[in-house]
Amino acid sequence: QITRQFILHFSAGLEEKYTRRLSIITELKKELSNTKGELALFYQPKLNLVHKKVTAVEALIRWNNAELGFVSPEDFIAVAEHAGFIGEITAWVYHQAIQDIQSFRAQGIDVTVAINISAQDVMNAELLPTILSLLNAYDLPPSVLSFEMTEGHLVKNLSEAVQQLTIMRDAGFKIAIDDFGTGYSSLSYLSQLPADILKIDKSFVLKLDEQVSDQNIVQSVVLLAHQFGMEIVAEGVENQNSLELLDDYGCEWAQGYHICRPIDAASFVKWFKEYKY
Ligand code: C2E
Ligand code: MG
Ligand code: MG
Ligand code: MG
């Protein structure tokens, strides 16, 4: 029996959720239209296990708002996607990333920066020409950037997504499928999506050193990726034993707290100069 108590409780919880969602939309739009410096782009190194060198990083957005405090991208990215303005966030991200890439290169750091994009970005015909002309203005080749996306979001318009991704790839950008093995993942997309890199979800990697079932899964996914001519990135590498297992399996890239947490651009420069494998 549904009690009055329950209904009151339930609606109070819902209201709280919607109020928060609405505040996220309002505050985020405010920040995007008149930036007060609440957004930051952090960088997390990707260690190439073949060359034992860091030659790539992932750009991860951070948002610290006066009203809401620190809001996780897990929360506000989904809200921006639903509310239809993820494109504005993506634009902020690539502008910031390209500026940072220039500064990295000026300091002798040559890394490919991976940007997370949404299905809405893939379907946006303006994205590619805008990024290409920006890179051109900064005299940078397309190889300085790559794109990560979760395949779950792409399946609604598979043929259109395939077409757009092919154009991006032909322009010289590497494409990675993010969070592989979760959500709507399907093996059939592996042969359909034009991608160069497969990122196995961190849920299979976090306890790799302890869990035989994860070891079986990761080994199989490495073989699978290679069958499709893709390189593989393991995210969520938290200890040395996991890193060594991945190296044994022939996994090309490792990313995780064991190597380095996501850090701001200046801290990354310092970290990179001191890092020894
Ligand atoms: P993702 O793209 O799969 O990024 C990996 C997430 O795992 C990041 O969380 C990263 O901080 C975290 N991580 C990395 N290494 C470890 C580890 O060793 N252990 C654990 N426990 N976690 C680790 P973050 O930064 O909170 O981002 C969460 C998600 O938000 C990202 O997942 C991505 O889907 C989305 N996101 C972040 N930045 C952007 C962005 O600029 N644009 C878009 N569209 N999405 C973004
Ligand atoms: Mg990612
Ligand atoms: Mg991921
Ligand atoms: Mg993720």
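The structure displayed is predicted, hence computed values, not measured ones.

What counts, and where the lines are drawn
Residues numbered from 1 in each chain as written. Chains lettered and ligands numbered in written order. Predicted model: local features only at pLDDT ≥ 70, side-chain atom pairs only at ≥ 80, totals over all residues. Heavy atoms only, no water. Helix = DSSP H or I, 4+ residues; strand = E, 2+ residues; numbered from the N terminus. Buried < 20%, exposed > 50% of the residue type's maximum accessible area, 1.4 Å probe, protein only. Near = heavy atom within 4 Å. Polar contact = N/O pair within 3.5 Å; in protein donor to acceptor, adjacent residues only side chain to side chain. Areas by Shrake-Rupley, 256 points an atom, 1.4 Å probe, with all protein chains shown as cover. Nonpolar A, V, L, I, M, F, W, Y, C, P; charged D, E, K, R; others polar. Disulfide = S-S within 2.5 Å. Expected span 1.5 Å × (residues − 1). Arc of directions from axis to C-beta. Contact = heavy atoms within 4.5 Å. Donors = N, O, S within 2.8 Å, 3.2 Å for Na, K, Ca; no water.

Participant: Help me out: how do you make sense of the environment of H153 in this one?
Facilitator: The residue H153 is located in the loop between β5 (145-150) and α6 (158-170) in this model. A residue is classified by how much of its surface remains accessible, and H153, at 39% relative accessible area, is partly exposed. Residues H153 and A119, 34 residues apart in the sequence, show an inter-C-alpha distance of 5.5 Å.

Participant: Before we go on, may I ask you to explain the site of ligand 1 in this structure?
Facilitator: Inspection of the region around ligand 1 gives 22 residues, with R62, N116, D178, E238 and Y257 positioned closest. In this structure, E58 approaches ligand 1 through a side-chain N or O atom, which is 3.0 Å from an oxygen atom. In this structure, an oxygen atom belonging to ligand 1 sits 2.8 Å away from a side-chain N or O atom of R62. Surface burial for ligand 1 is 88%, taken as the share of its 810 Å² of free accessible area covered by protein chains. Contributing elements (two or more residues each) for the shell around ligand 1: β2 (53-65), α2 (73-83) and β6 (174-180). In terms of residues, the shell around ligand 1 owes the most to one element, β2, which gives four residues. Here the residues of the shell around ligand 1 sort into nine nonpolar, five polar and eight charged.

Participant: Got a minute to help me understand the state of the cysteines in this structure?
Facilitator: In protein chemistry, a disulfide is the covalent bond that joins the sulfur atoms of two cysteines. Scanning the model with the defined rule gives zero disulfides in all. With no disulfide partner, C251 has as its closest neighbouring cysteine sulfur the one in C260, 18 Å distant. C251 sits in the buried class, given a relative accessible area of 2%. The exposure class of C260 is buried, given its relative accessible area of 6%.

Participant: What's the story with helix α8 (residues 212-227) in this structure? I'm lost.
Facilitator: Taking 1.5 Å of rise per residue, the 16 residues of α8 would be expected to cover 22 Å, and the 23 Å separating its terminal C-alpha atoms lies within 8% of that figure. Three or more residues of α8 are buried, namely D214, Q215, V218, V221, V222 and A225. The arc that holds the buried residues of α8, viewed along the axis, is 135 degrees, so those residues lie on one side. Summarising the geometry of α8, the exposed residues directed more than 90 degrees from the buried face are V212, L223 and Q227. Tucked into the core, α8 has its buried residues touching β6, β7 (197-200), β8 (231-235) and α9 (240-249). Just beyond α8, the residue with positive phi is G229, at close to 70 degrees.

Participant: Honestly, the environment of A225 in this entry has me stumped. Any pointers?
Facilitator: By secondary structure assignment, the location of A225 is in helix α8. Under the relative-accessibility criterion, A225 is labelled buried at 1%. Spatially, the C-alpha atom of A225 lies 9.5 Å from that of K199, the residues being 26 residues apart in sequence. What A225 contacts, discounting residues up to four positions off in sequence, is L198, M230 and I232.

Participant: Looking at this model, I keep getting lost on the coordination of the magnesium ion (ligand 2). Mind explaining?
Facilitator: Bound to the magnesium ion (ligand 2) are the protein donor atoms E58 (OE), N116 (OD1), E148 (OE) and D178 (OD), situated 2.0 to 2.3 Å from the metal. One chain supplies every donor for the magnesium ion (ligand 2), spaced along it as E-x57-N-x31-E-x29-D. The distance between the magnesium ion (ligand 2) and the magnesium ion (ligand 3) comes to 4.2 Å, and D178 binds to both of them. Residue E58 is located in strand β2, and its partner D178 is located in strand β6; the two are separated by 120 residues in the primary sequence. Using a relative accessible area of 4% as the deciding quantity, one classes E58 as buried.

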